[in-house]
Amino acid sequence: MLGCTFPKASGLLLLLSLLLASVTFAQSPPADPPAAVPRTANVPPSERAICASTYAAEKLWFWQRRLKLEDWNITVVVARATELKPKTLGNIHWDSAKKTAVLHVLDPADYDLPPREMLDDMEFTVVHELIHLELSPVLSQFPRDEANRRDEEHAVNQMADALLKLQRGK
Ligand SMILES: [Zn+2]
């Protein structure tokens, strides 16, 4: 299984080395049209999903600590686009009483991005969903409608973006 299922550093390293060849290749000729950018097409879908879930679990572990959500038991599950709401890249379902949550991230098979951008986007989804979880004790007390859900999405995106820019030194 390529070693991607092995814990922490080894899995991440393997994933990165797996993706590195295509990333390097993708960056060299800037004149290439986006359609010609090599993706992870040579990696079987099941292995891509395993690598993606290892990567997402790494990021979950990191951001869960950063956001002081360690008392939650959170699981990452890779989901196909058809299992998510249209035009979404993930979601989170939680049980406040049990302090458990399941965080879904989009399967790489349904991403149309080069590997590095796909991984960055996957990390964004993890942070985004964790901020929803962070806000859940506050927001669950209010009646929800389309408008305030949209406002929440906007605020959560801004915060996730700010956190990731700080983390990435941008
Ligand atoms: Zn959201």
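Since the model is a prediction, treat every value here as computed from it, not as a measurement.

Points about the environment of Leu 139
Relative to the helices and strands, Leu 139 resides in helix 3 (residues 115–139). Expressed as a C-alpha distance, the spacing of Leu 139 and Glu 152, which sit 13 residues apart in the sequence, is 9.0 Å.

Brief notes about the nonpolar core
With 28 residues, the main nonpolar core has Ala 52, Ala 56, Leu 60, Leu 103, Val 105, Met 122 and Val 126 as its most contacted residues. Listed by contribution, the elements that provide at least two residues to this core are helix 2 (45–66), strand 1 (73–79), strand 3 (100–106) and helix 3. For this core, the leading source of residues is helix 2, giving nine residues.

Considering the confidence of the model for the protein chain
For the protein chain, the average pLDDT comes to 82, and 75% of its residues sit at 70 or higher. Here residues 1–38 scores under 50 on pLDDT; set against residues more than four positions off or in separate chains, the count is 44 contacts.

So, helix 4 (residues 146–167)
When the terminal C-alpha atoms of helix 4 are compared, their 31 Å separation across 22 residues agrees well with the 32 Å that a helix rising 1.5 Å per residue should span. Burial analysis of helix 4 places just one of its 22 residues in the buried class, which makes it a mostly uncovered element. Directly beyond the C-terminal end of helix 4, a positive phi value near 65 degrees is found at Gly 169.

Section: the environment of Leu 130
Topologically, Leu 130 is positioned in helix 3. Placed 30 residues apart in sequence, Leu 130 and Ala 160 show a C-alpha to C-alpha distance of 9.1 Å. For Leu 130, the contacting residues outside a window of four places in its chain are Trp 63, Gln 64, Leu 67 and Leu 69.

Focus: the sheet that holds strand 3
Strand pairs in the sheet, formed through backbone hydrogen bonds, run parallel or antiparallel to each other. Strand order in the open sheet formed by three strands is 1-3-2, with mixed pairing between adjacent strands. Edge positions in the open sheet fall to strand 1 and strand 2 (90–95), since each of these has one partner strand only. Strand-to-strand, the axes of this sheet are offset by a mean angle of 15 degrees, without reference to chain direction. Pairing between strand 2 and strand 3: six bridges, direction antiparallel. From the neighbouring strand, Gly 90 faces strand 3, where its bridge partner is Val 105. In this fold helix 2 packs onto strand 1 and strand 3, with an angle of close to 150 degrees to the strand it touches most, strand 1.

As for the packing of helix 3 against helix 4
One way to put it is that helix 3 packs onto helix 4 with a least axis distance of 9 Å and a crossing angle of 125 degrees. Looking at the two axes, helix 3 sits oblique to helix 4. In this structure, helix 3 crosses over helix 4, and the sense of that crossing is right-handed. Note on element contacts: helix 4 touches helix 3 through Glu 152, Val 156, Asn 157, Met 159, Ala 160, Leu 163 and Leu 164, opposite Glu 123, Phe 124, Val 127, His 128, Ile 131, His 132 and Leu 139. Partitioned by chemical class, the residues of the contact of helix 3 with helix 4 number nine nonpolar, three polar and two charged.

Focus on the packing of helix 2 against helix 3
Helix 3 packs onto helix 2 with a crossing angle of 45 degrees between their chain directions and a minimal axis gap of 9 Å. Taken together, the axes of helix 2 and helix 3 are oblique relative to one another. The chirality of how helix 2 crosses helix 3 is right-handed. Residue-level contacts link Ala 52, Tyr 55, Ala 56, Lys 59, Leu 60, Trp 63 and Gln 64 of helix 2 to Leu 119, Met 122, Glu 123, Val 126, Val 127 and Leu 130 of helix 3. Partitioning the contact of helix 2 with helix 3 into residue classes produces 10 nonpolar, one polar and two charged.

Criteria and thresholds
Residues numbered from 1 in each chain as written. Predicted model: local features only at pLDDT ≥ 70, side-chain atom pairs only at ≥ 80, totals over all residues. Helix = DSSP H or I, 4+ residues; strand = E, 2+ residues; numbered from the N terminus. Core = buried A, V, L, I, M, F, W, Y, C linked by C-beta atoms within 7 Å. Buried ≥ 20, exposed ≤ 12 C-beta atoms within 10 Å, placed from the backbone. pLDDT = per-residue confidence, 0-100. Contact = placed C-beta atoms within 7 Å. Expected span 1.5 Å × (residues − 1). Pairing = 2+ DSSP bridges. Axes fitted to C-alpha atoms, helices over the stretch in contact; angles between N-to-C directions. Parallel < 35°, antiparallel > 145°, perpendicular 65-115°, else oblique. Left-handed = near helix turned anticlockwise from the far one by under 90°. Nonpolar A, V, L, I, M, F, W, Y, C, P; charged D, E, K, R; others polar.

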